[in-house]
Amino acid sequence: MALADESRYASAIAAELADDVLDRLLRYVRIDTQSDPESATYPSTAKQKDLTELLARELRELGIDDAVVDEHGYVFASLTGSRGPTVGLIAHVDTSPDESGSGVRPQVVHYEGGDIDLPGDARRSIRPGESTLLAERVGHDIVTTDGTTLLGADDKAGVAEIMAAVAYLVRHPEIEHAPVRVGFTVDEEVGRGVLHFDIAKFGASFAYTLDGAKVGEIDDETFAASELRVRIYGHSVHPGTSKGKMVNSIKLAAALIERLPSDRLSPETTEKREGFVHPIRVVGGTAETTITFIVRDFDAVQLKQHEQLLRELAESIEAEEPRARVVVEVEDSYRNLKEFLDRRPRIAEAADEATRRVGVEPVRTAIRGGTDGSVLSERGLLTPNVFTGGQEYHSVEEWISVQDMAISAAAIVELVKLWAEPDWAVPPEAS
Ligand SMILES: [Zn+2]
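Only a predicted model underlies this, so the values are computations on that prediction, with no experimental measurement involved.

(A) Inspection of the pattern of salt bridges at higher detail. Applying the stated rule across the entire model yields 36 salt bridges. Arg-24 is the salt-bridge partner of Glu-58, the closest N and O atoms lying 3.1 Å from each other. Of this pair, Glu-58 sits in helix H2 (residues 48-61) while Arg-24 sits in helix H1 (residues 12-29), and the two are 34 residues apart along the sequence. Each member of the pair, Glu-58 together with Arg-24, is buried. A salt bridge links Arg-229 to Glu-331, with the nearest nitrogen and oxygen atoms 2.9 Å apart.

Laid out in structure tokens, this is it:
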């Protein structure tokens, strides 16, 4: 289809990229790559390799001879540049286990306002009242599914945008740009996206994940996160003869849950920059019960305070029932991305500048969650997260605008061009 109506693009690069990025998205979303949290293998599902193998082949067909799928299923590939630091571009190929990713039938709708009907399920439509950004996308070409599966723009939009940007740079050898390392990962949706990611082998000076949402948004902050387990040991006795002896750990666990604040500090009562404690699992019996909490905040000091609140609740339970024993264990999950990115602010600033160059004013945003970038940054590869344009992720109402994808792909091109410019191409340690 002919989408390259230049007047609708703020960037000539975006206009040139639109058809290719759409073709790629439509091709990639038809390949089922759902990951599986219950699996013990890596990647968690072998079918993710159906896409990683295809991507490696497509990269080799572009003339990128070193494109390979490694033993963990990651695709690594290099694009030679003229000067500057090596810029990593990362996206994940798997889709969320929340909704089916099998038999995806994408449709492209030229959007003129109102609801978008999903042909596979008459009860479902995408409504501008619920998905509010849609009202601002009148005149765009919108990709959705038929309503029976997710689309998988999370994160195949990121994959398609990186691929289209790389193909563009290959087609235009006259354009000066920094060296690029491409990394496509697996199992992001089940929290193991970079478990085996070899930063040294990847060899980038820093990187960007293309796994964000609204055009213009650069995520430079994530939650800091820990997991806290309260183990309550009671005393089990035959219930017929337990008077004065039994200590039921289930009831003590219920008492602890009951003491959590009801109007604050929970996911269901907080937003924006507020943190929370959140019981996610209770496992046990009379003799022993374990409550698992996740604890979240943008501020590391506040995170410790939330953990302390849970410790105090646990102590109060033990103080009231001295025959019980209550043990608290805390495990750090990930830290706020900003803690690391602030050491070299130029990395996120470059993403801002690239966004401006495609005609969009950048907005820095904080994710109420983590990204693969938070883990990579902690391990030494500083990695902010950049918009892909996708909306309503992990649902059958997922959608993405072709024009927004083209803007994201064009921003990637501008980003790697920018890092070859004298102002930016200084050694990253000095930036
Ligand atoms: Zn994602």
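(B) Representation of the sheet that holds strand E17 (residues 400-401). Taken in spatial order, the three strands of this open sheet run E4-E7-E17, and their pairing is antiparallel. The open sheet terminates on both sides in strands that have one partner only, identified here as strand E4 (107-110) and E17. Sheet topology places E4 next to strand E7 (residues 141-144); four bridges connect them, and they run antiparallel. Bridging across to E7, Val-109 finds its partner in Ile-142. Of the strands in this sheet, E4, E7 and E17 touch H1, which is tilted by about 10° from E7.

(C) Molecular detail of the sheet that holds strand E14 (residues 325-334). Strand order in the open sheet formed by four strands is E12-E13-E11-E14, with antiparallel pairing between adjacent strands. Each end of this open sheet is capped by a strand with a single partner; those strands are strand E12 (276-284) and E14. Neighbouring strand axes in the sheet, compared pairwise and without regard to direction, differ in orientation by 20° on average. In this structure, E12 lies alongside strand E13 (residues 288-297), joined through eight bridges in antiparallel fashion. Of the residues in E13, the one forming a bridge with His-278 is Ile-294. Along the sheet face, helix H5 (residues 249-258) touches strand E11 (224-233), E12 and E13 and points at about 20° away from the line of E13. Each of E11, E12, E13 and E14 is contacted by helix H6 (residues 300-320), which is oriented at about 155° to E13, the strand it contacts most.

(D) Inspection of the coordination of the zinc ion at higher detail. Distances from the zinc ion to its protein donors, His-92 (NE2), Asp-154 (OD), Asp-211 (OD) and Asp-211 (OD), fall at 1.9 to 2.7 Å. Each of the four donor atoms bound to the zinc ion contributes to angles spanning 52 to 147°, and the resulting shape is irregular. The sequence motif formed by the donor residues of the zinc ion is H-x61-D-x56-D. Placement of Asp-154 in helix H3 (residues 153-171) and of Asp-211 in the loop between strand E9 (206-210) and strand E10 (217-222) is noted, with a sequence separation of 57 residues between them. Owing to a relative accessible area of 7%, Asp-154 belongs among the buried residues under this scheme.

Calculation notes
Residues numbered from 1 in each chain as written. Predicted model: local features only at pLDDT ≥ 70, side-chain atom pairs only at ≥ 80, totals over all residues. Heavy atoms only, no water. Salt bridge = Lys/Arg side-chain N within 4 Å of Asp/Glu carboxyl O. Helix = DSSP H or I, 4+ residues; strand = E, 2+ residues; numbered from the N terminus. Buried < 20%, exposed > 50% of the residue type's maximum accessible area, 1.4 Å probe, protein only. Pairing = 2+ DSSP bridges. Contact = heavy atoms within 4.5 Å. Axes fitted to C-alpha atoms, helices over the stretch in contact; angles between N-to-C directions. Donors = N, O, S within 2.8 Å, 3.2 Å for Na, K, Ca; no water. Tetrahedral: all angles 85-135°; square planar, octahedral: opposite > 155°, others 65-115°.

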